[in-house]
Amino acid sequence: MQTLFRAIDRVMRLDEVVASLALFGLFVVAIANVFMRYLFSSPLAWSEEILQLLMVWATFLGASALVRRNEHVLIGLLNERLPAPVARWNTRIFNVGIVMLCAAAMLFWGLELLPFSRFRSTPMLQIPYYWIHVAIPISAAMMLYHGLVRLITNDRLVTSDQNMASPAAIPETAATKE
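Structural notes, computed from the coordinates. (Residues numbered from 1 in each chain as written. Predicted model: local features only at pLDDT ≥ 70, side-chain atom pairs only at ≥ 80, totals over all residues. Heavy atoms only, no water.)

## What to know about the pattern of salt bridges
Okay, so step 1: In the structure shown here, the tally under the stated rule is 4 salt bridges.
Okay, so step 2: The salt bridge partner of Glu16 is Arg69, with a shortest N-O separation of 3.8 Å. Highlighted residues: Glu16 in helix H2 (residues 14–39) and Arg69 in helix H3 (residues 47–69), separated in sequence by 53 residues.
Okay, so step 3: Here Glu16 falls in the partly exposed class, since its relative accessible area comes to 27%.
Okay, so step 4: Arg69 gets classed as partly exposed once you look at its relative accessible area, which sits at 34%.
Okay, so step 5: Close ionic contact of Glu71 with Arg69 constitutes a salt bridge, the shortest N to O distance being 3.5 Å.
Okay, so step 6: Ionic contacts of the salt-bridge type, sharing partners, join the residues Asp15, Glu16, Arg68, Arg69 and Glu71 into one network. (Salt bridge = Lys/Arg side-chain N within 4 Å of Asp/Glu carboxyl O. Helix = DSSP H or I, 4+ residues; strand = E, 2+ residues; numbered from the N terminus. Buried < 20%, exposed > 50% of the residue type's maximum accessible area, 1.4 Å probe, protein only.)

Put into structure tokens, the structure is as follows:
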């Protein structure tokens, strides 16, 4: 089961890659529009539509990546005061459960939005809003998957990934901190 989750997780890491590319594209288009507007007095008419598309994709896929890495907003005050076994269940119920509940709502309403988005398009480039709004159910499905993996693996898979990426796992970094 662990190997299956590891194989699927490699594919699911595309959320971070696509979100990073969308954020980079957002930066490039915004800077190009500023240069065109102020240096050549000819702003890019299509930039707002592309920026909207890239912002939605970067936001929702970035949120999915944060859920996978367990770096989303958490309230840890209660967990610090509870005994370890109770805190673990509290984290699983509230942290993972509420994220999965919100992701399920996003998936449901995102799928409800798609049929209406198909018939509207952006004014300049005629991009159907479907391609903008499809990021919502895609990221929600990915969040549900990440939450399910966290529940099934009991955080073992996620913890091993985080330990490998932490500065304390690298001997040179740990020695320089002391």
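## Brief notes about the nonpolar core
What tends to happen in soluble globular proteins is that the nonpolar side chains get buried as a cluster.
Okay, so step 1: Grouped together as the largest cluster of nonpolar side chains are 21 residues, with contacts concentrated most on Ala22, Ile50, Leu53, Leu54, Trp57, Leu61 and Ile132.
Okay, so step 2: Contributions of two or more residues to this core are made by H2, H3 and helix H7 (135–153).
Okay, so step 3: Apart from the residues within four sequence positions on either side, Leu61 is in contact with Asp15, Val18, Ala19, Ile138, Ser139 and Met142. (Core = buried A, V, L, I, M, F, W, Y, C linked by side-chain atoms within 4.5 Å. Contact = heavy atoms within 4.5 Å.)

## Focus on the packing of aromatic side chains
Okay, so step 1: One pass over the full model with this rule turns up 2 aromatic pairs.
Okay, so step 2: For the pair Phe108 and Trp109, a centre-to-centre distance of 4.8 Å together with 80° between the ring planes defines the contact as edge-to-face.
Okay, so step 3: Classification of Phe108 by relative accessible area gives partly exposed; the value is 46%.
Okay, so step 4: For Trp109, a relative accessible area of 57% translates into the label exposed.
Okay, so step 5: Judged by centre distance (5.3 Å) and plane angle (90°), the rings of Tyr130 and Trp131 are edge-to-face.
Okay, so step 6: Between the NZ or CZ atom of Arg120 and the centre of the ring of Tyr129, over which it lies, the distance is 4.4 Å. (Phe/Tyr/Trp six-rings, centres within 6.5 Å; stacked < 30°, edge-to-face > 60°. Lys NZ or Arg CZ within 6 Å of the ring centre and 35° of its normal.)

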